[in-house]
Amino acid sequence: MLNLDLSNVTPFLAAGWRTGEEKSLKQAHDKLLHGTGAGSDFLGWVNLPADYDKEEFARIQKAAEKIRSDSQALVVIGIGGSYLGARAVIETLTSNNYNLTRKGTPAIYFAGNGLSADALNEVIEQVRDVDWSINVISKSGTTTEPAVAFRIFKKLLEDKYGKEGAKGRIYATTDAKRGALKGLADKEGYEEFVVPDAVGGRYSVLTAVGLLPIAAAGIDIEALMAGAREEMDLLQKPGMDNPAWQYAAARHALYESGKKVEILAAYEPAFRFFGEWWKQLFGETEGKEGKALFPASVEFTADLHSMGQYIQQGERLMVETVVRFDKARTKVSIPDDPENVDGLNFLSGKGLDFVAEQALRGVILAHVDGGVPNILLTVPARDERCLGALIYFFEFACGLSGYLLGVNPFDQPGVEAYKNNMYALLGKPGYESQRKELEKRLEQ
Ligand code: PA5
């Protein structure tokens, strides 16, 4: 369903680059399918589009229906892998202005993804006078940002509806057995959804983590899963004609040739948070042991008027991956103007999608001429089925890429460093000696 065009990569690599990657790809593919590589405890996402919990899936749909019927707003509390996937899918399939453009579905506010008091107060202001619910999402159940936000929003909800009333409006997505959130959800009797043990945060969008908020926004999660399933069936077949193999091979060969940054670009503003999700996926999977392409994202054509200069002529360290949606959902035709003062009558009667397509074609040529290899990924439509496929495509390619790079694709040890320092500085019990040491360093 997706079409990968590497014709603008080949000129940047030595002849036979594909063959050079084939043996390692075969090994990486086996590691993903048979669990023989590092991080094999976290491969639950590989067969997820087929092997998901159908009973829970039906409960997700029911809960989403209830939220749509009794809430004008849903506060989704989570960070990182417990946040980005839902926002990416909701915005890509609706609009980056979802809360303004929604029709009959609740407004969705994301909270607990930072520590800004102003941002949190803004959400409080939005929900204060409407009926609302909470979906709190945390696999560990102990992450500071969502835990603090949940404490605050839970109190607000209980103040409004009473403890019993609030209970029926809180949905907790967390580990099946352990963690502070699991304990709290059991104690209070919230409806619970599970983050499967074998699925890490950045691969969890097709579990309840992503699916409940996505369904609450009125998106067809069955079609999303069906698209992922189609792509899964395709990508699990080994071979150099496998598009995930090709994408992983191209990225790896370009990295080995000295490239340092991969920019994900799209011409749809609604795609912005998909870029954020993609950055976490590749950044956390590969960015370790001093290795990996740095994942960045841009929105075209807007960023051509800012980052475009660097991409065209700055340091030659980039690879560009463009996600192109084949069909615009709506049409805008450029009107004729008899006075033609702006000189645009050569575009009269043309659609904006036609203009965008010529921009895309021209940009690719310019960037390739400027020394930026281009990977073009065409997605037939901005709909559930295609987005499900795109998610699985990037996940599978990312797993392969991690193994090609020789890292454990499924851990994230680097995320702990800041957390430990923050706990110590906040005075968390157990961190006393670390606190003294850090305060001393900060005084110098
Ligand atoms: O990928 C990851 O592990 C992180 O981004 C986590 O998803 C993030 O830190 C949130 O963790 P949790 O769901 O445990 O609150």
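All figures in this text were calculated on a predicted structure; none of them were measured in a lab.

Caption draft 1: Structural context of the overall build of the chain. Secondary structure summary: the chain contains 16 helices and 10 strands in total. Computed over its C-alpha atoms, the radius of gyration of the chain comes to 23 Å, within 12% of the 22 Å expected for a compact globule of 444 residues. With the principal axes as the frame, the chain shows a C-alpha extent of 60 × 60 × 55 Å. Relative to its full complement of 444 residues, the chain shows a buried share of 51%. By sequence separation, contacts in the chain at least 24 residues apart represent 77% of the contacts at least 6 residues apart. Of the roughly 20,100 Å² of accessible surface on the chain, 52% is carried by carbon and sulfur atoms. For the chain, the distance from the average site of its 50 positive side-chain charges to the average site of its 61 negative ones is 4 Å.

Caption draft 2: Summary view of the domain arrangement of the chain. Splitting the chain by domain gives domain 1 (3-37 + 236-405) and domain 2 (48-223). Spacing between the C-alpha centres of domain 1 and domain 2 amounts to 30 Å. Here domain 1 meets domain 2 over a buried area of about 2,000 Å², counting both sides, of which 63% is carbon and sulfur. Remark: the boundary between domain 1 and domain 2 carries one salt bridge. Note that arginine 202 is salt-bridged to glutamate 284, the shortest N-O span being 2.9 Å. Across the domain 1-domain 2 interface, the total number found is eight residue pairs in polar contact (both at pLDDT 80 or more). At the level of secondary structure, the elements contributing two or more residues to the side of domain 1 that touches domain 2 comprise helix H11 (272-286) and helix H14 (384-405). Here the side of domain 1 that touches domain 2 is composed, by residue class, of 12 nonpolar, three polar and nine charged.

Caption draft 3: Focus on the packing of helix H3 (residues 84-93) against H11. The N-to-C vectors of H3 and H11 enclose an angle of 150°; their axes lie 7 Å apart at closest approach. Taken together, the axes of H3 and H11 are roughly antiparallel relative to one another. Both H3 and H11 take part in a crossing whose hand is left-handed. Side by side, H3 and H11 meet where Leu84, Gly85, Arg87, Ala88, Glu91 and Thr92 of the first sit next to Phe273, Phe274, Glu276, Trp277 and Gln280 of the second. Taken together, the residues that form the contact of H3 with H11 break down as five nonpolar, three polar and three charged.

Caption draft 4: Molecular detail of the pattern of salt bridges. As enumerated under the stated definition, the model contains 30 salt bridges in all. Close ionic contact of glutamate 164 with lysine 167 constitutes a salt bridge, the shortest N to O distance being 3.6 Å. Pair noted here: glutamate 164 and lysine 167 are both in helix H6 (residues 144-167), with a separation of three residues, about one helical turn. Classification of lysine 167 by relative accessible area gives partly exposed; the value is 30%. The partner of glutamate 416 in a salt bridge is lysine 419, and the shortest N-O contact between them spans 3.9 Å. Within this pair, glutamate 416 and its partner lysine 419 are both found in helix H15 (residues 415-426), separated by three residues, close to a single helical turn. Its relative accessible area of 37% is what places glutamate 416 among the partly exposed residues. Via salt bridges that share partners, Lys154, Glu158, Lys163, Lys187 and Glu188 belong to a single interconnected network.

Caption draft 5: Highlighting the sheet that holds strand S5 (residues 170-174). Taken in spatial order, the five strands line up as S3-S2-S4-S5-S6 in an open sheet, and their pairing is parallel. Bordering the open sheet on either side are strand S3 (107-111) and strand S6 (191-194), each of which pairs with just one other strand. Pairs of neighbouring strands in the sheet enclose a mean axial angle of 20°, with direction left out of account. Summarising the sheet, strand S2 (residues 73-77) and strand S4 (residues 132-138) pair through five bridges and their orientation is parallel. Its bridge partner being in S4, leucine 74 is matched across the sheet by serine 133.

Caption draft 6: Just the side chain of threonine 173, in detail. Within the secondary structure layout, threonine 173 lies in strand S5. On the basis of relative accessible area, threonine 173 is assigned to the buried category, the value being 0%. In this structure the side chain of threonine 173 is engaged in a polar contact, spanning 3.2 Å, whose partner is the side chain of asparagine 135. Discounting chain neighbours no more than four positions away, the residues touching threonine 173 are Asn135, Val136, Ile137, Ser138, Leu181, Phe193, Val195, Ala208 and Val209.

Caption draft 7: How the structure looks around a negative patch on the surface. Where like charges cluster on the molecular surface, the negative patch consists of Asp336, Asp337, Glu339 and Asp342. Positionally, aspartate 342 belongs in the loop between strand S9 (318-325) and helix H13 (352-369).

Caption draft 8: Region of interest: unusual backbone geometry. Backbone torsion omega between phenylalanine 300 and threonine 301 reads 10°, so that peptide bond is classified as cis. Position of threonine 301 among the secondary structure elements: in the loop between strand S8 (294-299) and helix H12 (308-313). Even without being glycine, glutamate 289 reaches a positive phi, approximately 55°. In this structure, glutamate 289 sits in the loop between H11 and S8. Classification of glutamate 289 by relative accessible area gives exposed; the value is 57%. One non-glycine residue, alanine 292, lies in the positive phi region at around 100°. Relative to the helices and strands, alanine 292 resides in the loop between H11 and S8.

Conventions used here
Residues numbered from 1 in each chain as written. Predicted model: local features only at pLDDT ≥ 70, side-chain atom pairs only at ≥ 80, totals over all residues. Heavy atoms only, no water. Helix = DSSP H or I, 4+ residues; strand = E, 2+ residues; numbered from the N terminus. Rg over C-alpha atoms; globule rule 2.2 N^0.38 Å. Buried < 20%, exposed > 50% of the residue type's maximum accessible area, 1.4 Å probe, protein only. Contact = heavy atoms within 4.5 Å. Areas by Shrake-Rupley, 256 points an atom, 1.4 Å probe, with all protein chains shown as cover. Lys, Arg positive; Asp, Glu negative; His and termini not counted. Charge placed at Lys NZ, Arg CZ, Asp CG, Glu CD. Domains from an automatic or database assignment. Buried area = accessible area lost by both parts, 1.4 Å probe. Salt bridge = Lys/Arg side-chain N within 4 Å of Asp/Glu carboxyl O. Polar contact = N/O pair within 3.5 Å; in protein donor to acceptor, adjacent residues only side chain to side chain. Nonpolar A, V, L, I, M, F, W, Y, C, P; charged D, E, K, R; others polar. Axes fitted to C-alpha atoms, helices over the stretch in contact; angles between N-to-C directions. Parallel < 35°, antiparallel > 145°, perpendicular 65-115°, else oblique. Left-handed = near helix turned anticlockwise from the far one by under 90°. Pairing = 2+ DSSP bridges. Patch = residues over 30% accessible without salt bridge, like charges linked within 9 Å, V, L, I, M, F, W, Y side chains within 5 Å.

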